[in-house]
Number of protein chains: 2
Amino acid sequence: MDVDAEEGTLLKFAPFQSTVDEGFWHRLSSLKLNKLRLDESPMPITGFLAPCSHKQVPSRLTLLAESLPSEDQKQSSSLPATLNQGNRNRCPVPGILYNTNTLEGFNAIDRVSLLETEAKKIWDDIHNGKVEESSSVLLRFMVISFAELKNWSFCYWFAFPALMLDPAARVVSLRSASQCLSLEQAESLSSACNEWQNLNLDVTAGVLFFLVCIASDSRVTLRHLADWEACMDDGQKVLFGFYDPCNVPYPGWPLRNYLAYICIRWGLEKVHFLCYRETRGFADLGFSLIGEASISVSPEWKTRDCTPKAVGWEVNKGNAKPNFISLAKAMDPTSLAISSADLNLKLMKWRAVPDLNLSILSATRCLILGAGTLGCEVARLLMAWGFRKITMLDSGKVAISNPLRQSLYTLDDCGEFKAIAAVRSLNRIFPAVEAEGIVMAIPMPGHPVAEQEEQSMLEDCKRLHDLVECHDVIFLLTDTRESRWLPTLLCSSANKIAITAALGFESFVVMRHGAGPLSMIKDSGALSSLSAEMHNLSLTNRMGKRRLGCYFCNDVVAPVDSTANRTLDQQCTVALPGLASITSGYAVKLLAGILQDRLGIFADAEFANSANNPSSENCLGILPHQIRGSLSQMSMITLVGHASCSCTGCSSTVILEYQKRGLDFVLQAINTPMYLEDRTGLTELKKSADSFNLDWEVGTDDAEDDCVEI
Amino acid sequence: MDVDAEEGTLLKFAPFQSTVDEGFWHRLSSLKLNKLRLDESPMPITGFLAPCSHKQVPSRLTLLAESLPSEDQKQSSSLPATLNQGNRNRCPVPGILYNTNTLEGFNAIDRVSLLETEAKKIWDDIHNGKVEESSSVLLRFMVISFAELKNWSFCYWFAFPALMLDPAARVVSLRSASQCLSLEQAESLSSACNEWQNLNLDVTAGVLFFLVCIASDSRVTLRHLADWEACMDDGQKVLFGFYDPCNVPYPGWPLRNYLAYICIRWGLEKVHFLCYRETRGFADLGFSLIGEASISVSPEWKTRDCTPKAVGWEVNKGNAKPNFISLAKAMDPTSLAISSADLNLKLMKWRAVPDLNLSILSATRCLILGAGTLGCEVARLLMAWGFRKITMLDSGKVAISNPLRQSLYTLDDCGEFKAIAAVRSLNRIFPAVEAEGIVMAIPMPGHPVAEQEEQSMLEDCKRLHDLVECHDVIFLLTDTRESRWLPTLLCSSANKIAITAALGFESFVVMRHGAGPLSMIKDSGALSSLSAEMHNLSLTNRMGKRRLGCYFCNDVVAPVDSTANRTLDQQCTVALPGLASITSGYAVKLLAGILQDRLGIFADAEFANSANNPSSENCLGILPHQIRGSLSQMSMITLVGHASCSCTGCSSTVILEYQKRGLDFVLQAINTPMYLEDRTGLTELKKSADSFNLDWEVGTDDAEDDCVEI
């Protein structure tokens, strides 16, 4: 190590080498996605100098997760709180991050002027005395970066700005400290350094640069830079010491700005310096260097207002070019999938929908009744919207004609229960989904069961009741009118959000059911005595507005616009391809809108192209009650249908009856369609159930779920 | 075999046993799907009696593919042409098929009265002499069936109507023919029978029933039934012979109606009969039976107008219930998938869209540019619509965030080229698809290439040109404006149907490009001299109407309605989930509409909710030029934009230039955006290309294709 530098040659400096821990990129991604979003303001960060015990290894400046503010931490322009939490193994130094929104922005950065800007900060800190307060500002660094969040790849470039002395510093002498000092001096220096480090353990930032005062009795003391004049007055020999984390036979990069400081601040032309180095946390004077450099003030530096020349962009593998890193391969596939999914969603909040509440979507438990064309597409879209809890219910098996229209199945799934195959498919798309498949048929009015099957049917009713209870949203996507009755009743009774989507041959309807008729009553114990008032109350919601209708209310309450409300050919068993894609898109958007609405299930019906929508505060736009469209006519309308007091699905009459008599009521309704009629005065449901009583028990495969009446 | 029946006991008859060949069900399915559709009229069919050489085996009546008329055969109420094409091994007998449209219809059939109806036909044929013309009418049978075409399962029930003698026939004697006849008589009978069969090989239907005349010199001759009186006059011994395909020790089912015929027609009370049986195609008098039965005319049969009692519904496995058969398991999965796919499509023609031309859809070659969210959904929907030739082009790889929105990928596909993974997925959904994946980037103006890459870029241009040439329809579903330019130019030059779909954050546009500007010119050799006239011609199509615009015409020609035509935030890289599903649904429907239109690419623009659509003759409804919608506003409009004479994508200026200079022109346009501007006077394209120049070369994965400007 003992090196006798050739006198008069230019002084060399060992540049820093940057290293970035994966944790840094993870935290940066998270910050960018959730907090910074489109903000491109420079951000203060903290780098860490790590001591290096191995020969020939350059000084490392490392970025860790802690280099960045944590997400909940209030962003401020001052140095992050972590700055002073260094230790012997990582001395914090202040840096600044310029993270751009695009790769173009990254490439467009004027690196020359950016470096000048940073150098000017050092220049100013030297002139205004900041260096004496916190000498680490001499080590200011910066990083420009672009985070390609979609595939976890990052592009970045470090700069360690160094003011350029002109003429450059020359070596007068440079030797191992142990060679330059007497044994006494060396021992005293070692213990002084160790003591200094221990004393300043919590304020490392302030003591990277220090004065080494060697008294005539060989006693060595360390002093702060601010004490230089006092030291000179004491007549002691003074070395400009600095913590030099590298281990090469010439000084590390920190000496460059140190010399500039000494030159500007104290006007010296000969500078004695100590490159203080450690081995395993203790002073190592064999590795440490003592040298003398000759410097002179550059002519341009005469005025404080000048812009000093600087160098410092890191050279990467011998070239002046940015670094690239991709973390995707190192990440666990599931967590990668989760973060990718979150990315797509969180990007929406950056600019388009800043108020979007994503956590309500991921927390909402969705029950999808029917895993056919609509059910498959709705489940896919729920996942894309960020829903994570999905239960699919269907009694059928995948038929060979299904995969072409039902997007969760392939031919390999044929013969398998749809609910099971669908859930497997959801997991292949997104392994973090919490999906469950339920193989079960929905009991239907107009489909009376034999006495020996009654018990099993009642168990199905109970099971469906429990499923509705433990979900927040129920999608009614089955293929017959009558299979929607019990779910409608249960949702209305439990006041759950229900979304119906149904297809005709070329037309569709998507609607949200209104709140249940009892949703404004808290005390359910007094139900029977309340039944008289209920009848009136049940048509208004707790805001006193008219309650929105359910799928069965349509039977008696004509929608405002009836052009798209044609009865479809009842035997139709096909729908135009693509109709289900369109319908599902609107159905899931409708749910997202309800969940974002302050009033939720009680939200008023809004209309497309209407100037007087009561609340246009929904961040996802208007929230209609019903959407009907025609693919032949390439048209779509929004409309509203209010709750009917004689509805078989949601009137207070039937809900009260259900709450009073439970499964007995359901059994009676199922086995005796006249009963529902009697209770509500309607004949529609029975007629419909009769004419649709297609009992496909023959084959082993299920009938296609494609198409139902509107 | 020699059986001496106990005299005076009731005469037993061996019932027929039905067997149905798979070929019958396949042809029935095909007929039902393509020709009969909803028609439930009774259909004449032909059953075949097969001789049976094994003991104890009942008479089989078999239905084969030929039992049904072929699809191209004109349906008539007479017996099918195959009727007389029997041979020794299959004697045709007339039947009738009642195939219902639903299982309910099947179950609702009044079998008692149906049997009576068929029995009445036999009754009438006996009275009106039809039996003498074609004795096989005594074997009339019928089948009721329901074909569950979706899963290839069938429900059916045979009836072999037999008029019930009352009182029933009694056995006087019943013995093996060889026992009853002298050796001479037997030999003569055998040779007479063989001769009779050979003589009547082509008219088997007429000779299932015949008279056996035994002369006193033991010579046996066979005569037609009509000759009975003549035979009686000859004083010969006459047996009523019939071809009895069973091999049990009592007569087969044909004897029942034979006895009724003899009783009614000739008033006999004692009937000598011969159950003529064969072994390996030759008379076998050991198996044949000769017997005498005593019969008497039922009192009800006195008047011809009565409805005779009948029996005959086949007993299946000991029970009076229908048969079920499922062919799905026996079918090759691919052909099963094909037929299932066809089924869904052909069902559309039954009632909803009888004029739908499916073969043009399956023959159309589709090129999909971009295999992202839109491309995946469009490819799926094309298959569901019956398109079978699909090429997908994309340069990117499946990124981890893709599967949640791009419906052809799962997490397992990550890292794979999209075009390859998409095609694999299409095959898993429908193995008969003819899909090809092309990994290729589309050259783009405003993205100049380095000189060393020029050749490869020109090869890409050439390849894209060739791909456009060998497809009929091109979907432009890429994620940047500028990547749509070259495909637009190529489609316009080759006059190919081009469909653009593009997404904003919450809005979409779907449009079909108008016909190319040169589409009315046949002689492309005289192009340059025509260029002056072209400039005027190019804005009208060959019908003299204004040509519809392309995606780039929008830049200069404002659409009629601009409410949905807002410029979207240019850095938007996300779209609301579901938007692509909706957009794809309309895009593929738009193509289907063009292909069903008489004018195809030249079809006029129609509008939703408009009374004056020029041609409402399109079987799929209105055919707009552009559809724009907003998911926030839950609105959708149709609009039209006419071709612009300064369009960079489809004006005659650029098309002529391209046709004259080919790749040189493209290269110039790509490397020098100003050139296109100069040629057309537009600055829009360049601006757009500049501002969208997001070059994502950094990572290994491709950027999401989700979102582009509108």
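Within any chain, residue numbers begin from 1 and follow the written order of that chain's sequence. Chain A is the first chain written and ligand 1 is the first ligand written, with later ones labelled in order. A pLDDT threshold of at least 70 governs which residues receive local features in this predicted model, and a stricter bar of 80 or more applies before side-chain atom pairs are shown or counted, although totals over entire chains, interfaces and linings include all residues.

**Regarding the overall build of chain A**
Here's step 1: What counts as a helix is a DSSP run of H or I of at least four residues, what counts as a strand is a run of E of at least two, and both are numbered from the N terminus. Helix and strand counts for chain A stand at 20 helices and 24 strands.
Here's step 2: The exposure label follows from counting other C-beta atoms within 10 Å of a residue's C-beta, where the C-beta atoms are placed from the backbone and the thresholds are 20 or more for buried and 12 or fewer for exposed, leaving partly exposed in between. For chain A, the proportion of its 710 residues judged to be buried stands at 55%.
Here's step 3: By the convention adopted here, residues make contact when the C-beta atoms placed from their backbones lie within 7 Å. Summarising the internal contacts of chain A: among those between residues at least 6 apart in sequence, 74% fall at separations of at least 24.

**Some points on the sheet that holds strand S22 (residues 507-512) of chain B**
Residues and elements named next belong to chain B.
Here's step 1: Note: two strands are recorded as paired if DSSP finds a minimum of 2 bridges between them. The sheet built from 8 strands is open, its strands ordered S19-S18-S17-S20-S21-S22-S23-S24 with mixed pairing. The open sheet has two edge strands, strand S19 (434-439) and strand S24 (635-639), and neither has a second partner. Pairwise comparison of adjacent strand axes, ignoring direction, gives a mean angle of 15° for this sheet.
Here's step 2: In this structure, S22 lies alongside strand S23 (residues 626-630), joined through 5 bridges in antiparallel fashion. Bridge pairing links phenylalanine 508 to glycine 629 in S23.
Here's step 3: Between the N-to-C directions of two axes lies an angle of 0 to 180 degrees, each axis being a line fitted to C-alpha atoms and, for a helix, fitted only over the stretch in contact. Along the sheet, helix H12 (residues 418-429) contacts strand S18 (389-394) and S19; its crossing angle with S19, the most-contacted strand, is approximately 170°.

**Here's the deal with the interface of chain A and chain B**
Here's step 1: Each partner contributes to the interface: chain A provides 82 residues, whereas chain B provides 82 residues.
Here's step 2: Of all the secondary-structure elements, those providing two or more residues to the side of chain A that touches chain B are helix H2 (103-108), strand S6 (153-163), strand S16 (323-326), helix H9 (333-350), helix H11 (373-385), helix H12 (418-429), helix H16 (579-596) and strand S24 (635-639) of chain A.
Here's step 3: Considering each element in turn, the side of chain A that touches chain B owes the most residues, 9 residues, to H9 of chain A.
Here's step 4: Classifying every residue of the side of chain A that touches chain B by side-chain character gives 44 nonpolar, 23 polar and 15 charged. Under this grouping Gly is polar, as are all residues other than the nonpolar Ala, Val, Leu, Ile, Met, Phe, Trp, Tyr, Cys and Pro and the charged Asp, Glu, Lys and Arg.

**Quick look at the confidence of the model for chain A**
Residues and elements named next belong to chain A.
Here's step 1: Mean pLDDT for chain A: 81, with 82% of residues reaching 70 or above.
Here's step 2: Residue-level confidence of the predictor is summarised by pLDDT, bounded by 0 at the bottom and 100 at the top. In the model, residues 556-572 has pLDDT below 50 throughout and makes 35 contacts with residues more than four positions away in sequence or in other chains.
Here's step 3: The ipTM assigned to the predicted complex is 0.70, against a pTM of 0.71.

**Structural notes on the environment of asparagine 34 of chain B**
All names here are of chain B.
Here's step 1: Inspection of the secondary structure puts asparagine 34 in helix H1 (residues 22-36).
Here's step 2: Expressed as a C-alpha distance, the spacing of asparagine 34 and leucine 343, which sit 309 residues apart in the sequence, is 9.2 Å.
Here's step 3: In contact with asparagine 34, not counting residues within four places along its chain, are Glu71 and Lys346.

**A word on the sheet that holds strand S20 (residues 473-476) of chain A**
Adjacent strands of a sheet form backbone hydrogen bonds with each other and so pair up, either parallel or antiparallel.
All names here are of chain A.
Here's step 1: The mixed open sheet is built from 8 strands, whose spatial order is S19-S18-S17-S20-S21-S22-S23-S24. Edge strands, defined here as strands with exactly one partner in the open sheet, are strand S19 (434-439) and S24. Geometrically, the sheet is characterised by an average inter-axis angle of 15° between neighbouring strands, direction not taken into account.
Here's step 2: Relative to strand S18 (residues 389-394), strand S17 (residues 365-369) runs parallel, the two sharing 5 bridges. Pairing of leucine 367 across the sheet is with threonine 391, part of S18.

**Notes on the pairing of strand S9 (residues 220-223) of chain B**
All names here are of chain B.
Here's step 1: Burial of S9 is one-sided: the residues Val220 and Leu222 facing one way are buried, the residues Thr221 and Arg223 facing the other way are not.
Here's step 2: With 4 bridges joining them, strand S8 (residues 209-214) and S9 adopt antiparallel strand pairing. Paired with isoleucine 214 across the bridge in S9 is valine 220.
Here's step 3: Here S8 folds back onto S9 in antiparallel fashion, the turn holding 5 residues, of which serine 218 has a positive phi close to 70°.

**Describing helix H11 (residues 373-385) of chain B**
Residue and element names in this part refer to chain B.
Here's step 1: In this model H11 runs 18 Å from its N-terminal to its C-terminal C-alpha over 13 residues, within 8% of the 18 Å that 1.5 Å per residue would give.
Here's step 2: Burial within H11 is extensive, with 13 of its 13 residues counted as buried.
Here's step 3: Two residues or fewer past H11, glycine 386 is found with a positive phi of approximately 105°. By definition here, a helix of n residues has an expected span of 1.5 Å times n minus one.

**Describing unusual backbone geometry**
Residues and elements named next belong to chain A.
Here's step 1: With an omega of 5°, the peptide bond running from aspartate 166 to proline 167 counts as cis.
Here's step 2: Within the secondary structure layout, proline 167 lies in the loop between S6 and strand S7 (170-176).
Here's step 3: The phi angle at lysine 317 is positive, at roughly 50°, despite the residue not being glycine.

**Overview of the pairing of S18 of chain A**
Residue and element names in this part refer to chain A.
Here's step 1: Of all 6 residues that make up S18, 5 are buried, and the element is covered over most of its length.
Here's step 2: Look down the strands so they point away from you; if the path from the first strand over the helix to the second goes clockwise, the crossover is right-handed. A crossover links S17 with its parallel partner S18, the connecting element being H11, and its sense is right-handed.
Here's step 3: Bridge count between S18 and S19: 6 bridges; the pairing is parallel. Across the sheet, residue methionine 392 finds its bridge partner in S19, namely glycine 437.
Here's step 4: As a crossover connection, the stretch from S18 through H12 into S19 is right-handed.

**Let's talk about the packing of helix H14 (residues 485-494) of chain A against helix H17 (residues 652-661) of chain A**
All names here are of chain A.
Here's step 1: Orientation of H14 relative to H17, taken along the N-to-C sense of each, is 85°, at an axis distance of 10 Å. If you check the angle between H14 and H17, you find them roughly perpendicular. Two secondary-structure elements touch here, H14 through Leu489, Ser492 and Ser493 and H17 through Val654, Ile655, Tyr658 and Gln659.
Here's step 2: For the contact of H14 with H17, the class distribution of residues is 4 nonpolar, 3 polar and no charged. In what follows, roughly perpendicular refers to angles from 65 to 115 degrees, roughly parallel to angles under 35, roughly antiparallel to angles over 145, and oblique to any angle outside these ranges.

**Structural notes on the relation of the copies chain A and chain B**
In summary, the two copies of the chain are related to each other by a rotation about an axis coupled with a shift along it.
Here's step 1: If you rotate chain A by 180° and push it 0.0 Å along the axis, it lands on chain B with an RMSD of 0.2 Å. Both chain copies can therefore be described as sitting about a two-fold axis. For chain A, the residue whose C-alpha comes nearest the rotation axis is isoleucine 582 of chain A, separated from it by 2.0 Å.
Here's step 2: By residue overlap, the copies meet face to face through one surface: 100% of the interface positions of chain A are interface positions in chain B. Only residues with pLDDT of at least 70 in both copies contribute their C-alpha atoms to the least-squares superposition of the copies.

**Points about the nonpolar core**
Here's step 1: By definition, a nonpolar core groups buried Ala, Val, Leu, Ile, Met, Phe, Trp, Tyr and Cys residues that are joined through C-beta atoms within 7 Å. Core analysis: the biggest nonpolar cluster contains 440 residues, and Ile368 and Phe475 of chain A together with Ile368 and Phe475 of chain B have the highest contact counts within it.
Here's step 2: When neighbours within four sequence positions are excluded, phenylalanine 475 of chain B is seen to be in contact with Cys366, Leu367, Ile368, Leu369, Val378, Ile499 and Ala587 of chain B.

**A look at H9 of chain A**
Here's step 1: Over its 18 residues, H9 of chain A runs 25 Å from end to end, which matches the ideal 26 Å to within 8%, given 1.5 Å per residue.
Here's step 2: In the structure, H9 of chain A departs most strongly from a straight axis at asparagine 344 of chain A, where the bend amounts to approximately 25°. The angle separating two fitted axes, one through the seven residues that finish at a residue and one through the seven that start at it, defines the bend at that residue.

**Quick word on the environment of isoleucine 499 of chain B**
Residue and element names in this part refer to chain B.
Here's step 1: Tracing the sequence through the fold places isoleucine 499 in strand S21 (residues 497-503).
Here's step 2: Distance in space between the C-alpha atoms of isoleucine 499 and glycine 514 is 9.6 Å, their sequence separation being 15 residues.
Here's step 3: When residues no more than four places from it in sequence are discounted, the contact partners of isoleucine 499 are Val473, Phe475, Leu476, Arg512, Ala587, Leu590 and Leu591.

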